Amino acid sequence: MPAVRELAGEPGKPDEPSKPDSPGAASFSALRIVAFLALFMLLSMAWASLAGPALHQWVIEHMTVAPAAQLLGWLDPQLGVSAQGNRLQAEGGGLRVSGGCEGVDMALLLISGALCAAVGWRARMLGLVLGSALVFALNQARILGLFYAFRHNRELFDLLHTVLMPLAMVLVIGGFFIVWLGAVSRAAPSRAPANAKPA
């Protein structure tokens, strides 16, 4: 008489536990988190110690102040804002941009996360490009917000400069990172071969 098999498996034989879904591209193990923190600290120290004053000044003047002056010229031309070194100069009050306000720390945070993520290099490079554009746009918005706050409300300026805007940037970049990892994870099954046999 042929052996009768239960739908769940062989009688008397415990069912094999189902394997958990693979974390795929979105997984971040404890080791990766430690690597992320270590890499961020290393990159931050390298930027602080190895990048000379000329590079710091170039980033502030050409990648931060000059674009902000152009944006203010388009948005509020009657102010007559001009970029003078590390200053946004205008009648009624300007803004001096110093080290730490150029967005490098946020860029290093993004780079560290992208390099430690469990994704392929194509997805990694796309994340770095999109994330870098986001960091630049966020920092320009921060500079413009601080410019107007400094002119009209010094107490609000201090709050924005020291607490609210740095926190907002970290939260937005963290949100971008989560969305990016989720998109990479969802796209991974679609790249499987069409003729692959189910396990």
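Residues numbered from 1 in each chain as written. Predicted model: local features only at pLDDT ≥ 70, side-chain atom pairs only at ≥ 80, totals over all residues. Heavy atoms only, no water.

Novice: Mind showing me how you'd approach the packing of helix 3 (residues 104–116) against helix 4 (residues 121–152) here?
Specialist: To characterise two packed helices, one gives the angle between the axes of the helices and the distance between these axes. Contact pair helix 3 / helix 4: the axes reach a minimum separation of 10 Å and the direction vectors enclose 165 degrees. By the angle between their directions, the pair helix 3 and helix 4 is classed as roughly antiparallel. Of the two elements, helix 3 crosses helix 4, and the hand of that crossing is right-handed. Facing helix 3, whose interface residues are Met106, Ala107, Leu110, Ile111, Ala114, Leu115 and Cys116, helix 4 presents Trp121, Arg124, Leu128, Gly131, Ser132 and Val135. In terms of residue class, the contact of helix 3 with helix 4 is made up of 10 nonpolar, two polar and one charged. (Axes fitted to C-alpha atoms, helices over the stretch in contact; angles between N-to-C directions. Helix = DSSP H or I, 4+ residues; strand = E, 2+ residues; numbered from the N terminus. Parallel < 35°, antiparallel > 145°, perpendicular 65-115°, else oblique. Left-handed = near helix turned anticlockwise from the far one by under 90°. Contact = heavy atoms within 4.5 Å. Nonpolar A, V, L, I, M, F, W, Y, C, P; charged D, E, K, R; others polar.)

Novice: Where do I start with the packing of helix 3 against helix 5 (residues 154–187) in this structure?
Specialist: Axis separation between helix 3 and helix 5 bottoms out at 11 Å; the angle between their running directions is 25 degrees. Considering their axes alone, helix 3 and helix 5 lie roughly parallel with respect to each other. Regarding helix 3 and helix 5, the two cross each other, and that crossing is right-handed. Residues Met106, Leu110, Gly113 and Ala114 of helix 3 form the contact with helix 5, whose own contacting residues are Met169, Val170, Ile173, Phe176, Phe177 and Trp180. Residue classes in the contact of helix 3 with helix 5 are distributed as nine nonpolar, one polar and no charged.

Novice: I tried to follow the side chain of serine 112 on my own but got confused; where do I start?
Specialist: Tracing the chain through its elements places serine 112 in helix 3. In contact with serine 112, not counting residues within four places along its chain, are Phe36, Leu39, Phe40 and Leu43.

Novice: How should I be thinking about the environment of cysteine 101 in this particular structure?
Specialist: You can see cysteine 101 is positioned in the loop between strand 3 (95–96) and helix 3. C-alpha separation for the pair cysteine 101 and histidine 161, spaced 60 residues apart in sequence, amounts to 9.0 Å. Cysteine 101 has contacts with Thr64, Asn139, Arg142, Ile143 and His161, leaving out every residue within four places of it along the chain.

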